[in-house]
Amino acid sequence: MTDDSVTDDSAVYLHVTIQLVRGKHRVFTAAMAELAAALDSQGWRLVGGFTPAVGRLGAVYHLWRVPSADGVLTALDAVRAHPDAARWHDAFAESVADEAVELVRPMPYSRTP
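Being a predicted model, the structure only gives us computed values, none of them experimental. (Residues numbered from 1 in each chain as written. Predicted model: local features only at pLDDT ≥ 70, side-chain atom pairs only at ≥ 80, totals over all residues. Heavy atoms only, no water.)

1. Focus: the overall build of the chain
- When helices and strands are counted, the chain shows 3 helices and 4 strands.
- Secondary structure of the chain in N-to-C order comes out as β-α-β-β-α-α-β.
- When the backbone C-alpha atoms are referred to their principal axes, the chain occupies close to 50 × 35 × 20 Å.
- Residues classed as buried in the chain amount to 29% of the 113 residues present.
- Intrachain contacts of the chain at a sequence separation of at least 6 include 81% that bridge at least 24 residues.
- As presented, the chain carries roughly 7,400 Å² of accessible surface, and 56% of it is formed by carbon and sulfur atoms.
- Charged side chains in the chain number 10 positive and 14 negative. The centres of these two groups are separated by 8 Å. (Helix = DSSP H or I, 4+ residues; strand = E, 2+ residues; numbered from the N terminus. Buried < 20%, exposed > 50% of the residue type's maximum accessible area, 1.4 Å probe, protein only. Contact = heavy atoms within 4.5 Å. Areas by Shrake-Rupley, 256 points an atom, 1.4 Å probe, with all protein chains shown as cover. Lys, Arg positive; Asp, Glu negative; His and termini not counted. Charge placed at Lys NZ, Arg CZ, Asp CG, Glu CD.)

The following block contains the structure:
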């Protein structure tokens with residue numbers, strides 16, 4: 001018996017850790033909602049956007065499923081060419097203190113979203 005929900009070897013994800021500037025949560029959230037739609041048009045799927053109920057204040061965690069590791073930069077270039085890209089950049093410059101991006105793959109014991 002096989003379980004199709006267990007690790008898909010082709011699944012590739014971006015794990016993003018973001019630290020927001022204090023008091024700028026709304027600025028970030030508004031811009032990110034628009035950017036997420038633009039990334040979706042590039043084949044990215046936001047598996048989840050999370051913030052801790054207990055833990056580091058102002059932290060945001062995203063997990064994106066991306067079509068391929070090779071296409072990440074191409075998708076980001078396409079989003080940078082979007083007519084609203086300059087506005088998003090300004091909003092993120094105001095609201096994001098730090099960001100770390102990791103390209104990750106599921107472990108063999110992990111179910112893929």
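So that's the structure; there's more coming.
2. Things to note about the environment of threonine 112
- Tracing the sequence through the fold places threonine 112 in the segment after strand S4 (96-104).
- C-alpha of threonine 112 to C-alpha of valine 12: the two residues are 100 residues apart in sequence and 9.8 Å apart in space.

3. Comments concerning the packing of aromatic side chains
- This model, assessed by the stated rule, comprises 2 aromatic pairs.
- Consider the rings of phenylalanine 28 and phenylalanine 92, whose centres lie 5.7 Å apart with planes at 55°: the pair is tilted. Of this pair, phenylalanine 28 sits in helix H1 (residues 25-40) while phenylalanine 92 sits in helix H3 (residues 85-95), and the two are 64 residues apart along the sequence.
- Judged by its relative accessible area of 17%, phenylalanine 92 falls in the buried class.
- Pairing tryptophan 44 with tryptophan 64 gives two aromatic rings, centres 5.8 Å apart and planes at 65°, and the pair type is edge-to-face. (Phe/Tyr/Trp six-rings, centres within 6.5 Å; stacked < 30°, edge-to-face > 60°.)

4. Examining the nonpolar core
- Trp44 and Trp64 are the most contacted members of the largest nonpolar core, which totals 22 residues.
- Broken down by secondary-structure element, the contributors of at least two residues to this core are strand S1 (12-20), H1, strand S3 (59-66), helix H2 (72-80) and H3.
- Examining the composition of this core, we find that 7 residues originate from one element, H1, more than from any other.
- Setting aside residues no more than four positions away along its own chain, tryptophan 44 makes contact with Leu14, Leu39, Trp64, Arg65, Val66, Pro67, Val72, Ala75 and Leu76. (Core = buried A, V, L, I, M, F, W, Y, C linked by side-chain atoms within 4.5 Å.)

5. Re the pattern of salt bridges
- Here the structure, examined in full by the defined rule, presents 4 salt bridges.
- With a closest N to O distance of 2.6 Å, glutamate 34 and arginine 87 form a salt bridge. Residue glutamate 34 is located in helix H1, and its partner arginine 87 is located in helix H3; the two are separated by 53 residues in the primary sequence.
- For arginine 87, a relative accessible area of 43% gives the class partly exposed.
- For arginine 87, the salt bridge identified is with aspartate 84, shortest N-O distance 3.5 Å.
- Judged by its relative accessible area of 28%, aspartate 84 falls in the partly exposed class.
- Put simply, Glu34, Asp84 and Arg87 are held in one network by salt bridges that share partners. (Salt bridge = Lys/Arg side-chain N within 4 Å of Asp/Glu carboxyl O.)

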